[in-house]
There are 2 protein chains.
Amino acid sequence: MERDVALKLVKVQLTEHRYQHTLGVMETAITLAKLYGVDELKAETAAIFHDYAKFRPKDEMKEIITAQGFPGDLLSFNSELWHAPVGAYLVEKEAGITNQEVLDAIRYHTSGRIGMTLLEKIIYLADYIEPGRHFPGVDEVRMLAKENLDQALIKAVQNTILFLMKKNQTVYPDTFYMYNDLIKKLEA
Amino acid sequence: MERDVALKLVKVQLTEHRYQHTLGVMETAITLAKLYGVDELKAETAAIFHDYAKFRPKDEMKEIITAQGFPGDLLSFNSELWHAPVGAYLVEKEAGITNQEVLDAIRYHTSGRIGMTLLEKIIYLADYIEPGRHFPGVDEVRMLAKENLDQALIKAVQNTILFLMKKNQTVYPDTFYMYNDLIKKLEA
């Protein structure tokens, strides 16, 4: 899909702030895709659509998760996780994106998972470090991202787990699996 | 089993330092058992035997884990975890302890797990806060343990996950299942 067409489809789904974030994720994802030899168009498309479902009503997201047989435990974890798998579903249904790698990069951009593809890693990381992000530790991850994708991801997911624990919030199992998976690959 | 008999059986398995730690865990476990209405004798026995297998050779522990059909993923995680399930097995086989609650408190004293019993929580926590323990955050957990067992456990397991992440080490799944389980109960 042409970039301007994709951006138009997404813009109406988002607030202006979230649209600016999406543009940042797009630029960052393309940069990372070039750096790590990933298809730039797939990275661009996944980045543009990653937050497509962000502002859907919770009830609609719940219905889709149940009706589509997405992991049922999602509903007992933070609703911030829901827009990612719901987004993958809606982007296929409403925007006609059918590439499974792109859809999976949208599906796992918040939780992560075991065995992430390069494209999934790039979208996860671009979402974390795009220029509009400002929080403790983000600069360290930005620097790591230029040198070692997995080490940048480890730091990002560690920060995320730490952030959730500080707020006494649950951590979705896929996020821990992602962490362990990356550590085991680092050790190997 | 009489306390002095149990202590004699354990003393020969441990270094002097680890035996002193065991005495600390025993005293702390009994205090917590009184406070939270748990059978004191079970707490005493589980505490005395919790580190029974701590100094067994790794090869022996591996063999037992495999032969007894303990979770196979244990072997791909930190070997510090192994002495707990192996201990539960050896304590039954060599010391004749047959009470399943006591054996489970030994089995899960390092990893934790989802749905921990009060006895399991007390042994996990006593191991963490006994008077011989000195590390950042332990005093906060000691204070919490007097007021709210689950909140003390949450802080202890958060500290443990943080400690492992700082060293870029994996976190055994049961440990974060324990964390999520306690947080969900806190929210409920």
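Above this text is the structure in question.
Before going into details, it helps to say that this report is about the structure given with it. (Residues numbered from 1 in each chain as written. Chains lettered and ligands numbered in written order. Predicted model: local features only at pLDDT ≥ 70, side-chain atom pairs only at ≥ 80, totals over all residues. Heavy atoms only, no water.)

Quick word on the side chain of Glu44(B)
All names here are of chain B. The line we're drawing: Secondary structure elements follow DSSP: runs of H or I of four or more residues count as helices, runs of E of two or more count as strands, with numbering from the N terminus. The buried label goes to any residue with under 20% of its type's maximum accessible area, the exposed label to any with over 50%, and the partly exposed label to all in between, with areas taken from a 1.4 Å probe on protein chains only. For this analysis, residues touch if any pair of their heavy atoms sits within 4.5 Å.
Here glutamate 44 lies in helix α3 (residues 40–49). Using a relative accessible area of 9% as the deciding quantity, one classes glutamate 44 as buried. Once residues within four sequence positions are removed from consideration, glutamate 44 is found in contact with Arg3, Met26 and Ile30.

Examining the packing of helix α7 (residues 118–129) of chain A against helix α9 (residues 149–166) of chain A
All names here are of chain A. For the record, the criterion: Every angle, taken between N-to-C directions, lies between 0 and 180 degrees, and every axis is a line fitted to C-alpha atoms, over only the stretch in contact when it is a helix. Just so you know how the angles are binned, under 35 degrees is roughly parallel, over 145 roughly antiparallel, 65 to 115 roughly perpendicular, and the rest oblique. In this scheme the handedness of a crossing depends on how the near helix is turned from the far one: anticlockwise by less than a right angle means left-handed, clockwise means right-handed. Classification used: nonpolar for Ala, Val, Leu, Ile, Met, Phe, Trp, Tyr, Cys and Pro, charged for Asp, Glu, Lys and Arg, polar for all others including Gly.
Direction vectors running N to C along α7 and α9 enclose 50°, while the axes themselves pass 10 Å from each other. Judged on the interaxial angle alone, α9 and α7 are oblique. Of the two possible hands of crossing, α7 and α9 adopt the one that is left-handed. Here α7 contributes Leu118, Lys121, Ile122, Tyr124, Leu125 and Tyr128 to the contact with α9, which in turn contributes Leu149, Asp150, Ala152, Leu153, Ala156, Val157, Asn159 and Thr160. Tallied by class, the residues present in the contact of α7 with α9 amount to 10 nonpolar, 2 polar and 2 charged.

Structural notes on unusual backbone geometry
In this structure, Asn168(A) is a non-glycine residue whose phi angle is positive, near 50°. Turning to its location among the elements, Asn168(A) is positioned in the loop between α9 and α10 (173–187).

Some thoughts on α10(A)
Inclusion rule: Residue count minus one, scaled by 1.5 Å, sets the expected span of a helix.
Its 15 residues place the ends of α10(A) 21 Å apart at the C-alpha level, agreeing with the 21 Å of an ideal helix rising 1.5 Å per residue. Listing the buried residues of α10(A) in full gives Pro173(A), Thr175(A), Phe176(A), Met178(A), Tyr179(A), Asn180(A), Asp181(A), Leu182(A) and Ile183(A). Buried positions along α10(A) lie against α7 and α9 of chain A together with α9 (149–166) and α10 (173–187) of chain B.

Observations concerning the side chain of Asp181(B)
Residue and element names in this part refer to chain B. To be explicit about the condition: Whenever two N or O atoms come within 3.5 Å, that pair is a polar contact, provided that in protein one can donate a hydrogen and the other can accept it, and provided that, for residues adjacent in sequence, both atoms are side-chain atoms.
Looking at the element boundaries, aspartate 181 is found in helix α10. Polar side-chain contacts of aspartate 181 include one of 2.7 Å to the backbone nitrogen of glycine 115. Residues in contact with aspartate 181, not counting those within four places in the same chain, are Ile114, Gly115 and Met116.

Some thoughts on the interface of chain B and chain A
Using the following cut-off: What gets called buried area is simply the loss in accessible area from a 1.4 Å probe that two parts show on being joined, summed for both. For this document, the term salt bridge refers to a Lys or Arg side-chain nitrogen within 4 Å of an Asp or Glu carboxyl oxygen.
At the interface, 21 residues of chain B touch 21 residues of chain A. Interface of chain B and chain A: buried area, both sides summed, is about 1800 Å²; carbon and sulfur atoms make up 61% of it. Per-residue buried area on chain B facing chain A is highest for Met165(B), Asn168(B) and Phe176(B); these three make up 30% of the total on that side. For the pair chain B and chain A, the interface holds 0 salt bridges. When residues of the side of chain B that touches chain A are traced back to their parent elements, those giving at least two are α9 and α10 of chain B.

A closer look at the packing of helix α2 (residues 16–36) of chain B against helix α7 (residues 118–129) of chain B
Residue and element names in this part refer to chain B. With their axes 8 Å apart at the nearest point, α2 and α7 run at an angle of 135° to one another. Relative to α7, the element α2 is oriented oblique. By crossing handedness, the relation of α2 to α7 is classed as right-handed. For the pair formed by α2 and α7, the contact residues are His21, Val25, Thr28, Ala29, Leu32, Ala33 and Tyr36 on the first element and Leu118, Ile122, Ile123, Leu125, Ala126, Asp127 and Ile129 on the second.

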